[in-house]
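Chains, contacts and geometry: an overview
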There are 2 protein chains.
Amino acid sequence: MEAERIYNFNPGPAVLPLEVLKEAQAEFLNFNKSGMSILEISHRAKEFEAVLAQAKADVKELMGLGDDYEVLFIQGGASLQFAMLPMNYATKEHPGSYVLSGSFAEKAYKEAQLLGVGTVAASSKESGYHHVPQQDELKIDPGAAYLHLCYNNTIYGTEYHYIPETSGVPLFADMSSDMLSRPLDFSKFDFIYAGVQKNLGPAGVVLVVAKKSLLEKTADQLPTMLRYNTFYKKDSLYNTPPAFCIYMVGKVAAWIKAQGGLAVMAERNAKKAKLLYDVIDQSNGFYNGHADKDSRSFMNVTFRLPSEELEKKFVEDAKKIGLGGVKGHRSVGGMRASIYNAMPYEGVQKLADFMASFQNAHE
Amino acid sequence: MEAERIYNFNPGPAVLPLEVLKEAQAEFLNFNKSGMSILEISHRAKEFEAVLAQAKADVKELMGLGDDYEVLFIQGGASLQFAMLPMNYATKEHPGSYVLSGSFAEKAYKEAQLLGVGTVAASSKESGYHHVPQQDELKIDPGAAYLHLCYNNTIYGTEYHYIPETSGVPLFADMSSDMLSRPLDFSKFDFIYAGVQKNLGPAGVVLVVAKKSLLEKTADQLPTMLRYNTFYKKDSLYNTPPAFCIYMVGKVAAWIKAQGGLAVMAERNAKKAKLLYDVIDQSNGFYNGHADKDSRSFMNVTFRLPSEELEKKFVEDAKKIGLGGVKGHRSVGGMRASIYNAMPYEGVQKLADFMASFQNAHE
């Protein structure tokens, strides 16, 4: 069974650490001697409370954050966060200010716009989203409720390599595709969230790590499930949480810790990304990377080939040798290799070798 | 491992069919020869599309519904549905009308109230929620956008045994705790929803089965993720769905079909419930059932003992012999045995025998 697994370059849901999958499989019928599957255990049971507490503690430890931050688990995907953020924090007087760096950044902005509480601080749309806006491009309204970034742009393969200076405006970031992939001074952010299905677990939960001072705001006029405060007050247990997803995120966080933490992840991820970017850079234009060099993502490597015909063949040939999910998003075209924390070096090496031989054969 | 599993009477998350758990465990590292775990497969992949399509088809087949209904999968629990229903369908002129039959019915009403679009058609609160309001208690406003029921009240152990006649007002029901437990004329309902973690799968998704005519309504003023139309137009794939939960619901639906469908479920569930209600009725008051006889639930059997001391001992002694999760909800006290589809007859028989011997020992 295991030998038949492929290298999975899908953008999300995405590859998970094999050790984690095996652990979950082994205890699938009887979690922690409870006599029940983790799928069957009450969210009010001490066994699940321990899972939740450990997951939260590990995430905060990995991020190096203290008691002024809290971890929440919320359903609905980052797409629901796009609405909840402006509903909870933005007003017409103090709008949310958005940096547009790709499709999901745009989607986040659109939800604020719908409520009439969104402005744009910068955009790289006109130039085709080849880079993320740099500090000198940001026009930050000092009265903004927050500055919102999409820190890694899965579709375009771009990523921030700096933390914006905001002069006191709270910094919010969607880190769905690079959460826990590298050490950052997370204390410079006020609100971080991530749909976990890319780097942290199975689809079905969003990890929120935010300043308690923000989560304490009440927003009583909003529906109960759309207030961050509801999740904060009840430790993400106001209603039945997506228990299995939280359990898996906990296992992945423990795995990252056991591997050596975010510094080790960053080192591995940089090495993996370099393998592919080197092939692109040394291909004399056969492979054409989408991202500008200063904005290249360590998580999603996007590139085009000389023709759509060759791109189609690339996907087919890759699949034949166990390299799956390399087709790019329709809005960029070409290829995308997602090389999250759980993608082993060997998989990326195999893809790099394949790219070189494919070029040789078709140049 | 299997031998060490307990009989799990938890109200939700709850027991799942052992065959289903074993199947999921066996293919956990490699789903359907894809070389990936079901947790790692793209929601745009043909393998997942097949899972989604089959789950939807099986649910509709079990319910005997035709092309005028559609099946959706939405995150956030029934608690988010409590808000989405009035947001999408109720107005001040045409409010949602609620039948209050327990805690979750109240919670649903409160979200409509918050928006100023909720009224009460009937309530059994004053009499302690011992029964569900009967047809002659319902004061249905003919201008209401819908009449909302909670069809089984998990906490109080009551269940509807009739389908209200509404004179044309659309009938909406939260069936979180009795969905697919018995055949009903589901075509009399316009909108049915269920948090799946009681009778249908692991926590993390709500199954919606509703008339297409309702789902076609656009509600463009609402945040994208709070419009039913968003899910309807994109076949529940507007954003990444909770793929594993949908996969498990599909497996449970297939299991119900293989057992013989809803008629077989209903027969088994009635037999199991009778075992416990008979012990209660023949206990000369040692066991005091909460629900009035005409409103007794086939899913959650609630009862008190003569003292809280005995109730504590009952829970402890039950646990010692592998009967878990029998403690009742704090708002009712006493015991609650949840005996959903997946609870085997043998488990309920063991509990009934234990109840009889516990009475003998402590009367």
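Residues numbered from 1 in each chain as written. Chains lettered and ligands numbered in written order. Predicted model: local features only at pLDDT ≥ 70, side-chain atom pairs only at ≥ 80, totals over all residues. Heavy atoms only, no water.

Where a strand is regular, its side chains alternate between the two sheet faces. Residue and element names in this part refer to chain B. In terms of burial, strand β3 (residues 96-100) is a largely internal element, 5 of the 5 residues being buried. Along β3, one buried face is formed by Gly-96, Tyr-98 and Leu-100 and the opposite face, lined by Ser-97 and Val-99, is buried too. Relative to strand β4 (residues 118-123), β3 runs parallel, the two being bridged by 5 bridges. Its bridge partner being in β4, Gly-96 is matched across the sheet by Gly-118. For the crossover from β3 across helix α4 (residues 103-114) to β4, the handedness is right-handed. Where β3 lies against strand β5 (residues 146-150), 3 bridges are found, and the strand directions are parallel. Looking across to β5, one finds that Ser-97 is bridged to Leu-147. (Buried < 20%, exposed > 50% of the residue type's maximum accessible area, 1.4 Å probe, protein only. Helix = DSSP H or I, 4+ residues; strand = E, 2+ residues; numbered from the N terminus. Pairing = 2+ DSSP bridges. Right-handed = clockwise from strand over helix to strand, strands pointing away.)

Another point: the relation of the copies chain A and chain B. Mapping chain A onto chain B is achieved by rotating through 180° and translating by 0.0 Å along the same axis, at an RMSD of 0.0 Å. When the rotation and shift are considered jointly, the pair of chain copies conforms to a two-fold rotation axis. (Least-squares fit on C-alpha atoms with pLDDT ≥ 70 in both.)

Turning next to the interface of chain A and chain B. Each partner contributes to the interface: chain A provides 62 residues, whereas chain B provides 63 residues. One salt bridge connects Glu-40 of chain A with Arg-5 of chain B, and the closest N-O pair in it is separated by 2.9 Å. For the interface between chain A and chain B, the tally reads 19 residue pairs in polar contact (both at pLDDT 80 or more). Of all the elements in the fold, those that place two or more residues in the side of chain A that touches chain B are α1 (18-26), α3 (77-89), α4 (103-114) and α7 (243-259) of chain A. The leading source of residues in the side of chain A that touches chain B is α1 of chain A, at 6 residues. (Contact = heavy atoms within 4.5 Å. Salt bridge = Lys/Arg side-chain N within 4 Å of Asp/Glu carboxyl O. Polar contact = N/O pair within 3.5 Å; in protein donor to acceptor, adjacent residues only side chain to side chain.)

Attention now moves to α4 of chain B. Residues and elements named next belong to chain B. Relative to the 16 Å expected for 12 residues at 1.5 Å per residue, α4 spans 16 Å between its end C-alpha atoms, a close match to the ideal helical length. Every buried residue of α4 is accounted for by Ser-103, Ala-105, Glu-106, Ala-108, Tyr-109, Glu-111 and Ala-112. Elements that come into contact with the buried residues of α4 comprise α3 (77-89), β3, β4 and β5. Gly-116 sits one or two positions beyond α4 and adopts a positive phi of about 70°. (Expected span 1.5 Å × (residues − 1).)

It is worth spelling out the confidence of the model for chain A at this point. When pLDDT is averaged along chain A, the result is 97; 99% of the residues meet or exceed 70. Two numbers describe this predicted complex: its pTM, 0.98, and its ipTM, 0.98. (pLDDT = per-residue confidence, 0-100.)

We now examine helix α7 (residues 243-259) of chain B. Compared with the 24 Å implied by 1.5 Å per residue over 17 residues, the 24 Å span of α7 of chain B between its first and last C-alpha is a close match. Once α7 of chain B finishes, Gly-260 of chain B follows within two positions and takes phi at roughly 125°, a positive value.

Here we take up the domain arrangement of chain A. All names here are of chain A. Along its sequence, chain A is carved into domain 1 (34-259) and domain 2 (260-362). Centre-to-centre, using C-alpha coordinates, domain 1 lies 27 Å away from domain 2. Facing 30 residues of domain 1, the contacting portion of domain 2 comprises 28 residues. It is His-130, Ile-155 and Gln-259 that lose the most area in domain 1 upon contact with domain 2, and together they represent 24% of the buried surface on that side. (Domains from an automatic or database assignment. Buried area = accessible area lost by both parts, 1.4 Å probe.)

What follows concerns the sheet that holds β4 of chain B. Residues and elements named next belong to chain B. Across the sheet, 7 strands lie side by side as β2-β10-β9-β8-β5-β3-β4; this open sheet has mixed pairing. A strand with exactly one partner marks an edge of an open sheet, and here the two such strands are β2 (69-74) and β4. On average, each strand axis in the sheet is tilted by 20° relative to the strand beside it, whichever way the strands run. Packed on one face of the sheet, α3 meets β2, β3, β5, β8 (171-174), β9 (191-195) and β10 (206-211) and runs near 155° to β9. (Axes fitted to C-alpha atoms, helices over the stretch in contact; angles between N-to-C directions.)

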